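Inside the fold
So you can see what is in the structure, the chains are spelled out below.
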Amino acid sequence: MNDLGEGVYCIDTDYQRPGLAACYLIREGDRLGFVDTGTAQALPRLLDAVASLGLTTEQVDYVIPTHVHLDHAGGAGDLMAVCPNARLVAHPNAAPHLIDPSRLTAGATAVYGEEAFARDFGRITPVPEARVMVAEDGTEIDLNGRTLTFIDTPGHANHHGCVLDSRSQGIFTGDTFGIAYKDLDTAQGPLLFAPTTPVAFDPGAWQRSLDRILALAPRVAYLTHFCRLDDPATHLGTLRESIRYLADLALAEESASDDQRLGRLRAAVDAYLLGRARQNACELPDERVRELLAVDIELNAQGLEVWLRRRARAAART
Ligand SMILES: [Zn+2]
């Protein structure tokens, strides 16, 4: 666990590899809140984090998944089961899936396959509806006098919210402020890019969500992938450009809906991210960069393909 100051602790959930996915523990006095949870397999790490502060799970007041992608929320049900006083705070589009995770399980099994699902996620435990607090845009959550404000931020997913923290003046951004693995940081800075994961990538909505984050003037962004990004406003242009570039790369394939398209999108995303690493003076060999980005290259390509199909269906209806 990494103490980031202001009562914010970053926990590596060890999803797939160290340094890939984090979640956060916020402490205010003797009360706690989690933002994101990792998968069910991360639970022992979360419990260790609570114990290392000399506190217990009875002192956890809130569990706040930013969105229901499983590296963020897969373990929410198991965590809630051991935090008897906690409420689960969830986006209106996320809450139904956390109460009844059958569609999450089916969706993830379809994307990853049954074997990988069992290996990487374990299980998804439902959260009792009575313990769920649906957070509309602007909902203020009181953590022992510290205000956490839930901001609706569609674009990466239509069930995504960010959490603004009054004390650190930071914002917990889930995937909305992109991905920047520490392994790919260089003296020039982070390699920040947009995850266009299936199934609800929406570049226009995403840019508007970034407008909203910018207007809140956060001092720091707490990324799930991975950890703290200081002075987020200085990185905003890079992230906006990444969303535009990936959308344009897909749109260039819009009229070519053959069964080779996903492969071409995969190659184009690969070339883009490798190129970005080189521009950023990354000295790791291509092979290592590809290894670090393998899951994102695949998910970004799949998400762009799903987006193009959704656009085609919408065009067919009009
Ligand atoms: Zn996500």
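Residues numbered from 1 in each chain as written. Predicted model: local features only at pLDDT ≥ 70, side-chain atom pairs only at ≥ 80, totals over all residues.

**Description of the sheet that holds strand β7 (residues 132-134)**
The mixed open sheet is built from seven strands, whose spatial order is β1-β2-β3-β4-β5-β6-β7. Of all strands in the sheet, those bounded by a partner on one side alone are β1 (2-3) and β7. Relative to strand β2 (residues 8-12), β1 runs antiparallel, the two being bridged by two bridges. Directly across from D3, in β2, lies its bridge partner Y9. Each of β2, β3 (22-28), β4 (31-35) and β5 (60-64) touches helix α1 (residues 43-52); the most contacted strand, β2, lies at about 150° to it. (Pairing = 2+ DSSP bridges. Helix = DSSP H or I, 4+ residues; strand = E, 2+ residues; numbered from the N terminus. Contact = placed C-beta atoms within 7 Å. Axes fitted to C-alpha atoms, helices over the stretch in contact; angles between N-to-C directions.)

**Concerning the nonpolar core**
By size, the foremost hydrophobic cluster in this structure holds 89 residues, and its most contacted members are Y24, F34, V63, L88 and L98. Per-element accounting of this core gives the leading share, eight residues, to helix α10 (residues 286-317). Built from parts of two domains, this core gets at least three residues from each of domain 1 (2-175 + 201-235) and domain 2 (240-317). Residues within four places of Y24 in sequence aside, it is in contact with V8, Y9, C10, F34, V35, D36, F172 and Y222. (Core = buried A, V, L, I, M, F, W, Y, C linked by C-beta atoms within 7 Å. Buried ≥ 20, exposed ≤ 12 C-beta atoms within 10 Å, placed from the backbone. Domains from an automatic or database assignment.)

**Some words on the domain arrangement of the protein**
As far as domains go, the protein holds domain 1 (2-175 + 201-235) and domain 2 (240-317). Of note, the centres of domain 1 and domain 2, computed from C-alpha atoms alone, are 26 Å apart. Listed per partner, the contact involves six residues of domain 1 and six residues of domain 2.

**Let's talk about the pairing of β5**
With five of five residues buried, β5 lies mostly within the body of the structure. Pairing geometry for β4 and β5, over four bridges, is parallel. By the bridge assignment, G33 is partnered in β5 with Y62. With α1 bridging β4 and its parallel neighbour β5, the resulting β-α-β unit is right-handed. Relative to strand β6 (residues 87-90), β5 runs parallel, the two sharing two bridges. Residue pairing across strands places V63 opposite L88, the latter belonging to β6. (Right-handed = clockwise from strand over helix to strand, strands pointing away.)

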